[in-house]
Amino acid sequence: MTFSELGVGAKVLQAITELGFERPMPVQEVVLPILLNEETDLIALAQTGTGKTAAFILPLLTNLLYDNHDPNKLNAIIMAPTRELAQQIDQQMEGFGFYVPFSSVAIYGGNDGGAWGTQSTGLQKGADIVIATPGRLLSLMNIYNIDFSGVKYFILDEADRMLDMGFYDDIMAVVNRLPKERQTIMFSATMPTNIRKMAKAIMNNPAEVQIAVSRPPESIRQMAVDIYEAQKTAFIVQKFRSSGDQELKKVIVFVGKKQKVKELARTLRANHIDARAMHSDLEQKERDEVMLDFRNGKVDVLVATDIVSRGIDVDDIPLVINYDVPRDAEDYVHRIGRTARAENKGGAITMVSPEDKRFFNKIERFLQKVIER
């Protein structure tokens, strides 16, 4: 099936073609026909990296082309848990929306005063589409008189992550300002009880689709190394020294604690391995610079906390290394899901110390497989 057969608008199709997308991904084939019926609410279980962002952007732009909406008011709100994911959605919106006459504004914290002015102006003067983190949107709502009466589309991306981060009350504060007659769309990797509760509160008889079980794709070769804690850093150094040049490019090493992130990045650089650290102590400008350099191949190894386990938009990561075992199976899935994206193949190595074995056994039970040693 083609994008045209799914009902995507002609001007959106032109952008899709020029961006080099030939056929819809499975999530898009399932979701687009539902969302192009703007009367239908939707809950979609889909992992990051499956093409879900385009699955809600393409029907949103198409619906705005053909529906009856007020061009002088806000028409759509897309909420995301982190500034990194909001930026990623904003970038895709610019690409897919190149030939359509709609304006969008991305609203997230961690930037300078000039960005605050741009964001508040976009909200007050009626950008067609707002892409926002919950906290920043609520802050602007509390200061300015913003007209939400024209909002016809409300989209929550990575809803489970937003609730994990404590944004339930912020989301509900926004929902209470929206028109009752709207299309509400929720994407989530998992469907815990709190997501069900929120869906019941804000949605109207939603359709529900599950694109894939929340487990890693088979295109990721998962491996584990039984190792003592004190040996881990030396193992990573040796791994990089013995690897070919290609495998050294765009590798992510996930570490549970930010102090260890800093130490490991310094140690790798001392061993002539081009590594940078990514953690919550960095200012937003520093995070953006690190991610830009990593995305452009100027940095070989990104040593990171889970701040980048979701929302990072880099398709050609060949290897992910878990320095320590995540305490939650879902975190493991999201970490290793940074590789083998966009139909590429990839590898994931997890270092399992004796103290971590019970957590890794829990992950194997979740995956219903024994990881290759």
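What you see is a predicted model; the values in this text were computed from it and never measured.

Asker: I'm lost on the packing of helix α4 (residues 52-66) against helix α5 (residues 83-96) in this one. Help?
Answerer: When two helices pack together, you describe them by how their axes are tilted relative to each other and by the distance separating the axes. Interhelical geometry of α4 versus α5 gives an angle of 45° and a closest axis separation of 10 Å. The orientation of α4 relative to α5 falls into the category oblique. Two packed elements cross with a definite hand, and for α4 against α5 that hand is right-handed. Each of T53, A54, F56, I57, L58, L60 and L61 in α4 lies in contact with α5, whose residues at this interface are Q88, I89, Q92, M93 and F96.

Asker: When you look at unusual backbone geometry in this model, what are you seeing that I'm missing?
Answerer: Phi angles above zero are rare outside glycine, and K250 is one such case at about 55°. Here K250 shows up in the loop between α11 (232-242) and β9 (251-254). If you check the backbone angles, Q368 has positive phi at about 60° while not being a glycine. The class for Q368 is exposed, based on a relative accessible area of 65%.

Asker: Sorry, what's going on with the packing of helix α9 (residues 168-175) against helix α10 (residues 193-202) here?
Answerer: Closest axis-to-axis distance for the α9/α10 pair is 12 Å, and the angle between their directions is 10°. Here α10 runs roughly parallel to α9, going by the angle between their axes. In contact with Y168, I171, M172 and V175 of α9, α10 contributes K197, M198, A201 and I202. Of the residues that constitute the contact of α9 with α10, the class distribution is 7 nonpolar, no polar and 1 charged.

Asker: Please explain a negative patch on the surface as it appears in this structure.
Answerer: On the surface, E283, E286, D288 and E289 cluster together into a negatively charged patch. Mapping E283 onto the fold places it in the loop between β10 (275-278) and α13 (284-295).

Asker: Explain the confidence of the model for the chain here, please?
Answerer: Note that predicted coordinates carrying low pLDDT should not be read in detail. Across the chain, pLDDT averages 87, with 91% of residues at or above 70. Looking over the chain, one finds the lowest element-wise mean pLDDT in helix α6 (residues 113-124), namely 70, and the highest in strand β5 (residues 153-156), namely 97.

Asker: Can you walk me through the pairing of strand β2 (residues 76-79) in this structure?
Answerer: Two faces make up the sheet, and in a regular strand the side chains alternate between them. Across the two faces of β2 the burial is the same, with A76 and I78 and I77 and M79 all buried. When β2 meets β5, the two strands line up parallel, connected through 4 bridges. Directly across from M79, in β5, lies its bridge partner L156.

Asker: How should I be thinking about the packing of aromatic side chains in this particular structure?
Answerer: Think of a pair of aromatic rings as described by two things: how far the centres are apart, and how the planes are tilted against each other in angle. Under the criterion given, the structure shown has 4 aromatic pairs. Pairing F56 with F187 gives two aromatic rings, centres 5.5 Å apart and planes at 55°, and the pair type is tilted. Of this pair, F56 sits in helix α4 while F187 sits in strand β6 (residues 183-188), and the two are 131 residues apart along the sequence. The class for F56 is buried, based on a relative accessible area of 1%. Relative to F360, the ring of Y332 lies with its centre 6.5 Å away and its plane at 80°, an arrangement referred to as edge-to-face. Remark: F360 occurs in helix α15 (residues 357-367) and Y332 occurs in helix α14 (residues 329-336); sequence separation between them is 28 residues. Of the residues examined, F360 reaches a relative accessible area of 1% and is grouped as buried. One residue, K197, lies across the ring of Y168, its end atom 5.3 Å from the ring centre.

Asker: Explain the sheet that holds strand β13 (residues 346-352) to me, please; I cannot follow it from the model alone.
Answerer: For sheets, the rule is that strands pair by backbone hydrogen bonds, running either parallel or antiparallel. Strand order in the open sheet formed by 6 strands is β8-β13-β12-β9-β11-β10, with parallel pairing between adjacent strands. Two strands bound the open sheet, and with one partner strand each, they are β8 (220-226) and β10. Here the strands of the sheet are splayed against their neighbours by 20° on average, with no regard to which way each runs. The strands touched by α13 within the sheet are β9, β10 and β11 (301-304), with β10 carrying the most contacts at an inclination of about 140°.

Asker: Before we go on, may I ask you to explain the sheet that holds β5 in this structure?
Answerer: In spatial order, the strands read β3-β4-β2-β5-β6-β1-β7; together these 7 strands make up an open sheet with parallel pairing. The open sheet has two edge strands with one neighbour each: β3 (104-107) and β7 (207-210). Pairwise comparison of adjacent strand axes, ignoring direction, gives a mean angle of 10° for this sheet. Bridge count between β2 and strand β4 (residues 129-132): 4 bridges; the pairing is parallel. Paired with A76 across the bridge in β4 is I129. Sheet strands touched by α5: β2, β3 and β4. Its angle to β4, the strand with the most contacts, is close to 155°.

Asker: So what exactly am I meant to see when it comes to empty space enclosed by the protein here?
Answerer: To locate leftover empty space, one rolls a probe as large as a water molecule over the atoms. Inspection of the entire model under this criterion finds 1 cavity of 30 Å³ or more. Considering only enclosed or pocket space, the largest cavity measures out at about 30 Å³ in volume. What lines the largest cavity is simply L35, F56, P59, L60, N63, Y153, I155, Q183 and I185. Top contributing element to the lining of the largest cavity by residue count: α4, with 4 residues. A breakdown of the residues in the lining of the largest cavity according to their chemical character gives 7 nonpolar, 2 polar and no charged.

Asker: I'm lost on the pattern of salt bridges in this one. Help?
Answerer: One pass over the structure, following the stated rule, counts 17 salt bridges. Here K249 ties to D300 by a salt bridge, and the two come within 3.4 Å at their closest N and O atoms. In this pair, K249 sits in the loop between α11 and β9 while D300 sits in the loop between α13 and β11, placing the two residues 51 residues apart along the sequence. Using a relative accessible area of 39% as the deciding quantity, one classes K249 as partly exposed.

Conventions and cut-offs
- Residues numbered from 1 in each chain as written.
- Predicted model: local features only at pLDDT ≥ 70, side-chain atom pairs only at ≥ 80, totals over all residues.
- Heavy atoms only, no water.
- Axes fitted to C-alpha atoms, helices over the stretch in contact; angles between N-to-C directions.
- Helix = DSSP H or I, 4+ residues; strand = E, 2+ residues; numbered from the N terminus.
- Parallel < 35°, antiparallel > 145°, perpendicular 65-115°, else oblique.
- Left-handed = near helix turned anticlockwise from the far one by under 90°.
- Contact = heavy atoms within 4.5 Å.
- Buried < 20%, exposed > 50% of the residue type's maximum accessible area, 1.4 Å probe, protein only.
- Nonpolar A, V, L, I, M, F, W, Y, C, P; charged D, E, K, R; others polar.
- Patch = residues over 30% accessible without salt bridge, like charges linked within 9 Å, V, L, I, M, F, W, Y side chains within 5 Å.
- Areas by Shrake-Rupley, 256 points an atom, 1.4 Å probe, with all protein chains shown as cover.
- Salt bridge = Lys/Arg side-chain N within 4 Å of Asp/Glu carboxyl O.
- Lys, Arg positive; Asp, Glu negative; His and termini not counted.
- Charge placed at Lys NZ, Arg CZ, Asp CG, Glu CD.
- pLDDT = per-residue confidence, 0-100.
- Pairing = 2+ DSSP bridges.
- Phe/Tyr/Trp six-rings, centres within 6.5 Å; stacked < 30°, edge-to-face > 60°.
- Lys NZ or Arg CZ within 6 Å of the ring centre and 35° of its normal.
- 1 Å grid on protein atoms, 1.4 Å probe; cavity = no way out; pocket = protein on both sides within 12 Å on 5 of 7 lines; lining within 4 Å.
- Points joined across faces, edges and corners; volume = space filled by probe spheres on them.

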